[in-house]
Each structure stands twice: as C-alpha cells, then as structure tokens.
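Descriptive structure summary
Here is what each chain is made of, one letter per residue.
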Amino acid sequence: MVLDIGESCSGARSGRRPPKVEGPSVARFPKPAEGTWTEHHPALGTGPVSFEDSVSPAFYELEREAIFKRTWLNVGRMEQLPRNGSYFTRDLPGLRTSIIVSRDVDGRVRAFHNVCRHRGNKLLWEGTPSDETGGNARRFVCRYHGWRYGLDGACTYVHQENEFFGLRKDELRLAPVHCETWAGFIFVNLSREPRETLRSFLGTMVGALEGYPFHKMNERYSFRAENASNWKVFSDAFQEYYHVPPLHTHQLGPTPEAQNPEYEFEGAHYQIDGPHRMVTTSGTYKHRWSLEHLYPTEVLTRSGSTGPWDAPDLGGTLPGVNPSGISRWGIDNFQVFPNLEILIYERGWFVTYRYWPTSYNTHVFEGDLYFVPAQNVRERLAHEYAALTFKEYGLQDVGTLDGTQMGLEQGAFREFPLNDQEILVRHFHKTVGDWVDAYARERVEAAPR
Ligand code: FES
Ligand SMILES: [Fe+2]
C-alpha cells in the first residue's frame, strides 16, 4: 500500500534511494542563489571553525554577561499562567538568578527577582530552596520574617513595622525584571535596560509566526536533563540533519534502505535573520514510502518519531511556517537566539528546546511537546507515542554529547571542517562570538583611562 507521499527530500543523492514514487516535480533544494547555502552568506566563510567557545571557562564567563544577561530569554508560556493570580518561579542557576513570573490582578504579566526586599532571602520555593514552584496566590509571603508582597511586587506588609527606622513600606518593591510576551511565549531580559523590545529582537523571520495558533496546543509533555556538555554542543546537534542517518539509523523506518547509515538526508531550506536561524525539512509519516517503511507500533498508534499522523484542524492559514513554500514541508526548526528552538510540525503540533548553561561544560536541557488536547483515547495514545519516541531519539543525541565535549576539551585539533548542511552551526558560533566580542569591546571603551 502506498501512502500519499510526493517527492522526497531525503535520500536524493544516495545510490540507495528509496523506491521512486509518483508525485509532482518540485525543485528539491531551492537555494536562494546558485551555489551552496553557506556561500550565499559570505560573512560566514567556508573555512574550518574553532569550538574554543565550548571548552573555555573564560569564554563561558564572558558569554553569560554578553549574551544571557543582555538578551531576551524564554522562560515559559502563557498557558502556565492560566488566570489572574497565577505565578511560577524559574531558577537559572548558571546566571545565579531565580525569577518570579506572575499574572497580576489586572491580568498583566510581570517578572521579579525572586528575592525578599528585607534581608535577601529567596522568596518562593517548593520544598527546598533549590526547587521551583508555582500555583495561584493573592500575595507572596517571605518565610523568614513574614514580609508580604502583592502580585504587582509592592510590599504590603512588614512585620512589626514600627521597629524599623524611617522605613517607607510604600516605597519598597520586589526588584522588577523586564518581561514581554510574544505569541504566548514569555520572555525576560535581565539587563537594566534592554537594547530593544522583544518584538524588534525577534525580527522578521521569527516574528512572522506571531499569529500561529500556539495557544491551541496546550497538552504538554516535558523533559528535563542535566547534560555534561557545553550548552552549544547540544544545540549544534539540532541545527543540522547531517547526523540523522548515522546516529538515528532507525528513525527513517525499518527497511534496509532506510536503515543504511550511509543513507543521505538533507534539510530542504535554510534561512538566517540576524542572530536567529531556521531549517525546513520534509519528514512526516506522509513522506515515508509505504507501510513496509513504518514500524508496527507506528501503524497501530498512527504516530511516530515525526508525531501523530492525524493533524487537528488549526483553522485558517498558518502564518510564518514553511517560509520557502516547500511542497513536502514536514518540520520547521526556528532557532531563536540564544537558547530557544521552536520546532513546528506540519501535522499541527510543536516542540520547544531550551538550553541553560550551568558551567562551561554542563547545561540543563528542557524539551517540551505541545499538542491540541486529545479528544479521545486514540489521540491521547498518538500523543504519548510521539513523546516516547521523542525521548528515544533525544537520548540518542544526548548519547554523543559527553564524547564530543571530551573530544573538544582534549585539544587535539584547533579547528573543524563544517559542510554546507552545517551552515547553522557555523552561524550560531559566529553569532555567539560576535556578541562576546562586542561586549568585550564595550568594556574596554568603558574602562577608565
Ligand atoms: S528576609 Fe524576607 S522577611 Fe526577612
Ligand atoms: Fe538528532
């Protein structure tokens, strides 16, 4: 039985390409100009690339200041603040910071440093001070001496207030953190004064997703892992599909053709916009070749590594996705600088990845899958099977992480060759380096002479 599959983006240059199928003829790799993806961006160069930025403790210290403390960071989604009075805390240990994100009585989303104004106690936690918390509240109460704060951060109660010396309670507040939302994503900026608004920072390419119905997908599956690598080393693994056949040999199906580790797989479209990047691939079950190319559990659950087969009706047109109009569009992976990825699937679900550095060679990874809430058992099974296979393939990616970090730290090589399919890795490291260089220059210029 042959499924509706059209032409293939993968296997196209392989001598072991899958059986030919009937379908419209479309340019497979509509590059923006003649030549390679990389050569279309001369600033990136084509030479070998240093990964010193992933093994240097000194670079890590600069990176925290130059990037993570100066730009917009996604800390959650609006679905985590379902009503006025909802709040959650986010601990960012690599930045030695914990924040409270709350929705005040007027519905406004705010963020504060999670620190009591009295003597600096961490204000909110669950169980132990290193655990995040959340819920619904009318006020925040410090466990130490009982000071209270409204959802807008104003201090509303000081225990034995008349014991203090000239204390003006009405002038005391939690320290605010800049907080803006976009398309239901909540971002904070830890700098004193952000250099640009969130919307301006996101630019044209990411900003075009503004009307995408992310909010309809609020059945969430979350994964968190503490990994022994620099945060960029893991992010690199999701910026190219060059590694798919050798590393995820079973992802493309059970047939000998698909399980050939020399099988060739290519992204169909790459795009760069300021510090942000995206790659489009084919890769839904529709692009498999026949039932023989699917695992029995995939057929049973109507789901798999590329998600549920049956797409919900999201209504209307979907802005921002598949910007190059690939006929076999399967997945867009938008990489929002510095540490957020949004993967949007043609089958009407999405995934986010976030990478939080905790040292030069460790980080916390968060993966979240979002679906339109299941209406029946079959849909729920499809979602859970997609989450299960996500974890399986995530573990395969994690499996090489320590090895890459160890290899890089050994210092046997100073630079590494990158191919055209690794253009986004090249762009990512260049962008990180540019931000750190700009920060270092500013510090030199600001230093007293
Ligand atoms: S430190 Fe919070 S009330 Fe004293
Ligand atoms: Fe992978």
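Our subject is the structure that appears above.
A few points on the structure. Bear in mind that the values here come from a model prediction, so they are computed numbers and not experimental data.

What counts and how
- Residues numbered from 1 in each chain as written.
- Chains lettered and ligands numbered in written order.
- Predicted model: local features only at pLDDT ≥ 70, side-chain atom pairs only at ≥ 80, totals over all residues.
- Heavy atoms only, no water.
- Helix = DSSP H or I, 4+ residues; strand = E, 2+ residues; numbered from the N terminus.
- Rg over C-alpha atoms; globule rule 2.2 N^0.38 Å.
- Buried < 20%, exposed > 50% of the residue type's maximum accessible area, 1.4 Å probe, protein only.
- Contact = heavy atoms within 4.5 Å.
- Pairing = 2+ DSSP bridges.
- Axes fitted to C-alpha atoms, helices over the stretch in contact; angles between N-to-C directions.
- Core = buried A, V, L, I, M, F, W, Y, C linked by side-chain atoms within 4.5 Å.

All right, on to the overall build of the protein then. Counting its regular elements, the protein contains eight helices and 17 strands. Against the globule reference of 22 Å for 449 residues, the protein gives a C-alpha radius of gyration of 24 Å, in line with a compact fold. In terms of its C-alpha atoms, the protein occupies a principal-axis envelope of roughly 85 × 60 × 35 Å. Scored against the burial criterion, the 449 residues of the protein give a buried share of 54%. Of all intrachain contacts in the protein linking residues separated by at least 6 positions in sequence, the fraction that spans at least 24 positions is 67%.

This next bit is on the sheet that holds strand β16 (residues 349-359). An order of β11-β17-β16-β15-β14-β13-β12 is seen for the seven strands of this open sheet, with the pairing classed as antiparallel. Either end of the sheet is taken by a strand with one partner, and the two such strands are β11 (219-227) and β12 (269-273). On average, adjacent strands in this sheet sit at an angle of 15° to one another, irrespective of strand direction. Sheet strands in contact with helix α6 (residues 377-399) are β11, β16 and β17 (362-371), and its direction is about 15° off that of β11.

On to the sheet that holds strand β1 (residues 72-77). Sheet strands line up and pair through hydrogen bonds in the backbone, either parallel or antiparallel. Read from one edge of the open sheet, seven strands run β1-β10-β9-β4-β3-β2-β5, paired in antiparallel fashion. Each edge of the sheet is formed by a strand with only one pairing partner; in this case those strands are β1 and β5 (134-136). If you compare each strand with its neighbour and ignore which way they point, the axes differ by 25° on average. Both strand β3 (residues 97-103) and strand β4 (residues 109-113) contribute to a ladder of five bridges, which runs antiparallel. Bridging from a neighbouring strand, Ile 99 pairs with His 113 of β4.

Ranked by size, the top nonpolar core spans 81 residues in total, and within it Val 101, Trp 182, Phe 214, Ile 342 and Ile 344 carry the most contacts. Among residues more than four places away in sequence, those in contact with Trp 182 are Phe 187, Leu 198, Arg 199, Leu 202, Val 206, Gly 207, Leu 209, Glu 210 and Ile 342. Listed in part, the 16 residues of the second largest apolar core include Leu 124, Cys 142, Leu 151 and Val 158.

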